[in-house]
Amino acid sequence: MKPDQLQQMARHEVDNLSNNRIDLAPDVLKVPTANYVDSQRWQQEINQVFKRLPLALGFSTEFASTGAYRATKIADVPIIMVRSDDGVMHAFVNMCSHRGNYVVAEGSGSAKSFRCNYHAWNYSLRGDLINILDEPNFGEVDKSCLGLTELPCSERAGLVWVTLDPDSDVDIDTFLNGYDAMLQHLGLAETQVVGRQEVAGPNWKVAYDGYRDFYHLPILHKDTIGTDLSHQPDYFAWGPHVRVVSPKNFSELATIAEEEWTEAQMAQGVWTIFPNISIAGGAHRGGFYMVSQLYPGATPGTSVTTQNFLSFGDPKDVDPTALKEYMALMQHVVANEDYFTGFNVQNALATGAKEYSYFGRNEGGGQLFHQWLDALLETQSEQLNTLFSKGLNHG
Ligand code: FES
Ligand SMILES: [Fe+2]
């Protein structure tokens, strides 16, 4: 990243504000409504997007000490994320090499090793099989080949990224295209998760369309968070990853000298991470970040969103009332406004009465998401790094 990239964007927004304009995509994009309802396509999205790409599944500070782990299930793949004794984050399929039991129950905690509760095979934090119960009587097996199945795992910008396909060779840095350096401005590595809740939603794309969408903010959310929000966004993209801001977010910066702009002021807006993350809120302005992770549900018409709430400083200093109120507000806004609308959208899309949904020139972030999704569904695994390094429209 160029060190002044954040400042250049802020300058651009102040300029757009003073000229009362926003950046526009070249054309209106038509997305076939069938893309939202076709169950075969939905399965392809899981297999070719969620299972092949690095996903931001956790936060570095959740795994501050050796042995800190979280076991969860993503797109039906049971996984463990753990900080091993070499200080490095590892991810494994949560599956015992003996006969497949989970080696640790879903949830988080601190472990010295993972001992399967079926027949007590024991694995180190690096995933090596270190003990077989009654080994002489079990018979000869090569322990060195019977470790946990390791998944590609890395840390960038305070986030832990895991790829669910153990054979995926998508390079995290090629995939991120410099975006992690931008996300660094949010300081996630210095925040702690202080709250977490789930929201049930419609089809994951119907739900996720709303996160890159400022167009709806003062309309759908007029009674809650939208009163003072602008419906006019600008989009900045790094590969498939999109930051959404509005020039109006920069009205304060427009009145002060550039030397006085703070990183927090310049880093406003919503930072999305393809294919399923949105980072919003203002922890760096004394409140909370809300990091939303959207996952396809059990059927094409359902999704589950994990809302993670993060703040700077010691979690003990967090005002529990303020946190409770913010979490309740976000549950209400997303469940009763965004996803209530999303379920209506989904039911109507399923009628087939309209062939297309429309993304305007002022909805460039939504356009990019659907263009990238199309490209990924058409790209063979061995070509993914090429796609991410060259970008769209480059053959
Ligand atoms: S399934 Fe894990 S020890 Fe048997
Ligand atoms: Fe919304």
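Every residue gets a number counted from 1 within its own chain, in the order that chain's sequence is written. All chains are assigned letters beginning at A, and all ligands numbers beginning at 1, according to the order in which they are written. Note on the predicted model: pLDDT of at least 70 is required for a residue's local features to be given, and 80 or more for side-chain atom pairs to be given and counted; whole-chain, interface and lining totals, by contrast, use all residues. Note that the side-chain values use all heavy atoms of the structure and ignore hydrogens as well as water.

**Q** Got a sec to walk through the coordination of the iron ion (ligand 2)? Specific residues and values, please.
**A** Counted as donors are the N, O and S atoms within 2.8 Å of the metal, or 3.2 Å for Na, K and Ca, while water is not among the atoms, so some sites may look incomplete. Protein coordination of the iron ion (ligand 2) is provided by His-216 (NE2), His-221 (NE2) and Asp-338 (OD), with donor distances spanning 2.0 to 2.1 Å. Summarised as a motif, the one-chain spacing of the donors to the iron ion (ligand 2) is H-x4-H-x116-D. Accessibility classification places His-216 together with His-221 in one group, the buried group. Accessible area is worked out with a 1.4 Å probe on protein chains only. A residue is then buried under 20% of its type maximum, exposed over 50%, and partly exposed in between.

**Q** Describe the side chain of Thr-306, naming the residues involved and giving the relevant values.
**A** Turning to its location among the elements, Thr-306 is positioned in strand 19 (residues 303-312). Judged by its relative accessible area of 10%, Thr-306 is buried. By definition, residues are in contact when any of their heavy atoms lie within 4.5 Å. Excluding its chain neighbours within four sequence positions, the residues that come into contact with Thr-306 are Arg-196, Gln-197, Glu-198, Val-291, Ser-292, Gln-293 and Tyr-295. Helix and strand definitions here come from DSSP, where helices need a minimum of 4 consecutive H or I residues and strands a minimum of 2 consecutive E residues; each element is numbered from the N-terminal end.

**Q** Give a detailed account of the pairing of strand 1 (residues 29-32), specifying residues and quantitative values.
**A** By the alternation rule, side chains of strand 1 split into Leu-29 and Val-31, which are all buried, and Lys-30 and Pro-32, of which none is buried. For two strands to be treated as a pair, DSSP must find at least two bridges joining them. Pairing geometry for strand 1 and strand 20 (residues 356-359), over four bridges, is antiparallel. What sits directly across from Val-31, in strand 20, is Ser-357.

**Q** Before we move on, could you go through the domain arrangement of the protein chain and cite the residues and values that matter?
**A** For the domain bounds, the source is a domain assignment made automatically or taken from a database. Looking at the assigned domains, one finds that the protein chain contains domain 1 (5-53 + 181-390) and domain 2 (60-156). At the junction of the two partners, domain 1 supplies eight residues and domain 2 supplies six residues. Roughly 610 Å² is buried in total at the junction of domain 1 and domain 2, and carbon and sulfur atoms are behind 59% of that figure. Throughout, buried area stands for the accessible area (probe radius 1.4 Å) lost by two parts on being put together, summed over both. Summed over the three residues of domain 1 that lose the most area to domain 2, namely Lys-51, Arg-196 and Tyr-295, the buried surface amounts to 48% of that side. By salt bridge we mean one thing: a side-chain nitrogen of Lys or Arg within 4 Å of a carboxyl oxygen of Asp or Glu. At the surface where domain 1 touches domain 2, the tally comes to one salt bridge. Put simply, Arg-196 and Glu-62 hold a salt bridge, and the shortest N to O gap is 3.2 Å. Here a polar contact means two N or O atoms within 3.5 Å. Within protein one must be a hydrogen donor candidate and the other an acceptor candidate, and residues neighboring in sequence count only if both atoms are side-chain atoms. There are two residue pairs in polar contact (both at pLDDT 80 or more) connecting domain 1 and domain 2. Gly is placed with the polar residues, together with every amino acid not listed as nonpolar (Ala, Val, Leu, Ile, Met, Phe, Trp, Tyr, Cys and Pro) or charged (Asp, Glu, Lys and Arg). Looking at side-chain class alone, the side of domain 1 that touches domain 2 contains four nonpolar, two polar and two charged residues.

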